[in-house]
Amino acid sequence: MSDEAVVGKSMRKEYGKLVAVDDLDLKVQKGLLYGLIGPNGSGKTTTIKMLVGLLSFSNGEALLLGEKVPIKEKRSLIGYMPQEMAIYTEITVHENLELFADLYSMDEASFKAREKELLSMIDLTDRKDSVVSQLSGGMKHRTSLACALIHDPELLFLDEPTVGVDPELRVGFWKYFADLKVRGKTVLLTTHYMDEAVRCDVVGMMRSGKMIAEGPPRTLMQETGTSDLESAFLEYSRRDTR
Amino acid sequence: MKAQRVLAIAKKNLRSLRHDRRTIAFIVMVPLLMISLFGYTFGGEVSDVSVYIVNMDSSPANQSMAASIIADLQSRSTLDVKNIVGPEDATIASVSQARQKVLDADIWAALVFGENFTQDAAAALASLRSGSQVTPATLQVYIDGTNPNIVQAVTNDIQVSVQKVLILPPNLLVPPIVMSPQLEYGAGAEFIDFFAPGVMGLAAMMVTFMLSILSFVHERGASTLDRLLATPVTEGEVIAGYALAFGVVGLAQSVVILTAAVLLFDIQIAGNALLVLLLIFLLGVGNQGLGFLLSSVAKNEFQAVQLIPLILFPSILLAGVFWPLEAVPSFLQPVSYVLPLTYAVEGCRSVMIRGWGAGDVALQITVLLVFAVVMLLLSTFGLKRRR
């Protein structure tokens, strides 16, 4: 098997005249924390939705863990957390987790063990039986993350996982992403908070559906002579428009 | 209260409508649909009730009162006389054949004029003048009592013809011709017996359709559907799961309605209640699919809510829930026969009032089954189509 968890070749998505993703090439090595960064509307979410099989390709193709998208057999090896919280608010935290565990055909024992572990990680053990709509925004966010992790996926797609999350919790999230990496998982996340993407191993900078730069954050900053990713992004944008 | 601020709020609301063309279309279309449907169906009189006539009256054709009554009945559109047997070859066998047609619900009623009809009527007329007592002539009517509206329309229409032919003032103490109606089904049936199956079907349809369209609009808006579809679950499994849940909701509701109708209104269930529940379940599953399909048309809950009357009103008014299909204007009747609720209501009535079994309502079961299957397949296909 290859070392790449994600390979996208000339991925393209058009909506009429609008090109949301413009011949994007993407490679994510296994076991890395990869951050897709760029302003709103740069095509990050569309890229993720194409990869997880929710949107068709206008052109190009992609492989996830060696299987062509849309993947079928290996769907249980991936986890996905959409940009909106996307959890059922009229049922409890436990019931949400159980739903996704069942969809991934987990058995009762491994679900119970995994649920306990995740609840303690997201610090919601005592709120397990609360209906989600009664939880605070941060708690909902954590529940949403736990739903994406319930089946212990190899490859995780997180679309703007830190939007609307308070700073304290955000630190916790990043700690957990790093921990996933240590355990050999691959994480592909998007964010438009460029400063926090320095914690990624590799970042891909997207602008108008194109990749304008890709590499370890430090390298990108060195190459542009900047001290933060936001300045580096602006520099690459300037070069791109030239 | 300051006018400027009130106007500012009002302006905001009207402005947000301006950009929602679909809502504007609904605001115009829903009332148009409602007024036309109510206008055409509410004032509608029962017409074209299919009947057979067996005329055994032995009087010569030019003197036969039976023939005159028949001619008068045919001059109006309340009854649709499908077949007239006699006077030459009408026998007792013809009567039982016509009766069987009523029992099979092929026709609503069979009118039978006896051999001495004109003679008896003439004798009764003469005795009225002389003051002596003579048995009046009998017009036997075998009628399907499943639908009280139909029974009333048929008996009224016959009375009108009888009075016209005899040229007598109404309400004579002993009329020379008496109608003797015999209900083949629904003896003792009241309006509640007729309404209960309709209300049950309507309630099941409303709840499954509304739950389905609102749930799916919500699932799309909140991206939970995206999340589901990124798991190993298949589109067919999602739809089947929904159908199962809402089918059960429809069933539970029907059980409540049935129980209440039996306990509070003492309605009769002549046939198997389980068969009624099967019909309702199929209707619920199909409407769940319809709700799903329309959820892709509605962009948000607001638009979904407006789609609801568009689907519900034709069914409420045209599916035979409150008045028989015979009272629906003929140009709207094709719509009635396309509505699944029509079949559910007809099936439930046949089981509950006529006491029919599965074989007798096979048509209704088949139509509802096809509806459910087609809706589920279309839903699955709709979910599979990726943008």
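Because the structure is a prediction, the values reported are computed rather than measured. (Residues numbered from 1 in each chain as written. Chains lettered and ligands numbered in written order. Predicted model: local features only at pLDDT ≥ 70, side-chain atom pairs only at ≥ 80, totals over all residues.)

Q: Explain the interface of chain A and chain B to me, please; I cannot follow it from the model alone.
A: A common way to express how large an interface is: the accessible area buried when the components associate. Counting residues at the interface gives 16 residues for chain A, matched by 12 residues for chain B. In the side of chain A that touches chain B, the residues fall into 11 nonpolar, 3 polar and 2 charged. (Contact = placed C-beta atoms within 7 Å. Nonpolar A, V, L, I, M, F, W, Y, C, P; charged D, E, K, R; others polar.)

Q: Explanation requested: the environment of Gly 164 of chain A in the structure shown.
A: All names here are of chain A. For Gly 164, the location among the structural elements is in the loop between strand S7 (155-159) and helix H5 (167-182). Separated by 27 residues in sequence, Gly 164 and Gly 137 place their C-alpha atoms 8.0 Å apart. If we skip the residues at most four places from it in the chain, Gly 164 touches Gly 137 and His 141. (Helix = DSSP H or I, 4+ residues; strand = E, 2+ residues; numbered from the N terminus.)

Q: What is the right way to read the sheet that holds strand S10 (residues 210-215) of chain A from this model?
A: Paired through backbone hydrogen bonds, the strands of a sheet run either parallel or antiparallel to each other. Residue and element names in this part refer to chain A. If you walk across this open sheet you meet the 6 strands as S6-S7-S8-S3-S9-S10, and the pairing is mixed. The open sheet has two free edges, formed respectively by strand S6 (78-81) and S10, since each of these has just one partner strand. Taken pair by pair, the neighbouring strands of this sheet meet at an average axis angle of 15°, ignoring direction. Alignment of S7 against strand S8 (residues 186-191), held across 5 bridges, turns out to be parallel. Counterpart to Leu 156 in the pairing with S8 is Val 187. Sheet contacts for helix H4 (residues 137-149): S6 and S7; angle to S6, the most-contacted strand, approximately 160°. (Pairing = 2+ DSSP bridges. Axes fitted to C-alpha atoms, helices over the stretch in contact; angles between N-to-C directions.)

Q: Just to check I follow, could you spell out the nonpolar core for this structure?
A: Proteins that are soluble and globular tend to have nonpolar side chains buried together. Counting 100 residues, the largest nonpolar core has Val 51, Val 54, Ala 109, Ala 110 and Val 154 of chain B as the members making the most contacts within it. Examining the composition of this core, we find that 11 residues originate from one element, helix H10 (residues 273-295) of chain B, more than from any other. Counting contributing residues, this core receives three or more from each of domain 1 (49-185) and domain 2 (190-384) of chain B. In this structure, Ile 78, Cys 147, Leu 155 and Leu 158 of chain A belong to the second largest nonpolar core, which totals 70 residues. (Core = buried A, V, L, I, M, F, W, Y, C linked by C-beta atoms within 7 Å. Buried ≥ 20, exposed ≤ 12 C-beta atoms within 10 Å, placed from the backbone. Domains from an automatic or database assignment.)

Q: Help me out: how do you make sense of the environment of Phe 195 of chain B in this one?
A: All names here are of chain B. Summarising the element assignment, Phe 195 is placed in helix H7 (residues 191-221). For Phe 195, a count of 18 C-beta atoms within 10 Å corresponds to the partly exposed category. Linking Phe 195 and Ile 267, residues 72 residues apart in sequence, is a C-alpha distance of 9.9 Å.

Q: Before we go on, may I ask you to explain the sheet that holds strand S5 (residues 177-185) of chain B in this structure?
A: Residues and elements named next belong to chain B. Spatially, S2-S1-S3-S4-S5 is the arrangement adopted by the 5 strands of the open sheet, whose pairing is mixed. Every other strand in the sheet has two partners, leaving strand S2 (79-85) and S5 as the edge strands with one partner each. Each adjacent strand pair in this sheet contributes to an overall mean axis angle of 20°, direction not counted. The pairing of strand S1 (residues 49-55) with strand S3 (residues 109-113) spans 5 bridges and is parallel. Of the residues in S3, the one forming a bridge with Asn 55 is Phe 113. Here helix H4 (residues 92-103) sits on the sheet and contacts S1, S2, S3, strand S4 (137-144) and S5; the angle it forms with S3, its principal contact strand, is near 160°.

Q: Help me understand the environment of Ala 124 of chain B in this model?
A: Residue and element names in this part refer to chain B. Within the element layout of this structure, Ala 124 appears in helix H5 (residues 117-130). Judged by C-beta crowding, with 20 C-beta atoms within 10 Å, Ala 124 ranks as buried. Ignoring anything within four residues of it in the chain, the contact list for Ala 124 reads Val 134, Pro 136, Ala 137 and Pro 176.

Q: I would appreciate a short explanation of the pairing of S2 of chain B in the present structure.
A: One face of the sheet, then the other: side chains in a regular strand alternate in exactly this way. Residues and elements named next belong to chain B. Relative to S2, S1 runs parallel, the two sharing 6 bridges. Its bridge partner lying in S2, Tyr 52 is registered against Asn 83. Crossover connection from S1 via helix H3 (residues 65-75) to parallel S2: handedness right-handed. (Right-handed = clockwise from strand over helix to strand, strands pointing away.)

Q: Just to check I follow, could you spell out the domain arrangement of chain B for this structure?
A: Residues and elements named next belong to chain B. With domains assigned, chain B is organised as domain 1 (49-185) and domain 2 (190-384). For domain 1 versus domain 2, the distance between C-alpha centres works out to 41 Å. Each partner contributes to the interface: domain 1 provides 8 residues, whereas domain 2 provides 9 residues. Per-element tally for the side of domain 1 that touches domain 2: the top contributor is helix H6 (residues 148-166), with 3 residues. Each residue belonging to the side of domain 1 that touches domain 2 can be placed in one class, and the counts come to 5 nonpolar, 3 polar and no charged.

Q: So what exactly am I meant to see when it comes to the packing of H7 of chain B against helix H9 (residues 235-265) of chain B here?
A: A pair of packed helices is captured by two measures, namely the crossing angle of their axes and the spacing between those axes. Residue and element names in this part refer to chain B. Viewed as axis vectors pointing N to C, H7 and H9 meet at an angle of 155°, and their least axial separation amounts to 9 Å. Regarding the angle of H7 to H9, the classification is roughly antiparallel. Of the two elements, H7 crosses H9, and the hand of that crossing is right-handed. Where H7 approaches H9, its residues Ile 192, Ala 196, Val 199, Met 200, Ala 203, Ala 204, Val 207, Thr 208, Leu 211 and Ser 212 are matched on the opposing element by Tyr 242, Phe 246, Val 249, Gly 250, Gln 253, Ser 254, Ile 257, Leu 258, Ala 261 and Phe 265. Split into classes, the residues belonging to the contact of H7 with H9 amount to 15 nonpolar, 5 polar and no charged. (Parallel < 35°, antiparallel > 145°, perpendicular 65-115°, else oblique. Left-handed = near helix turned anticlockwise from the far one by under 90°.)

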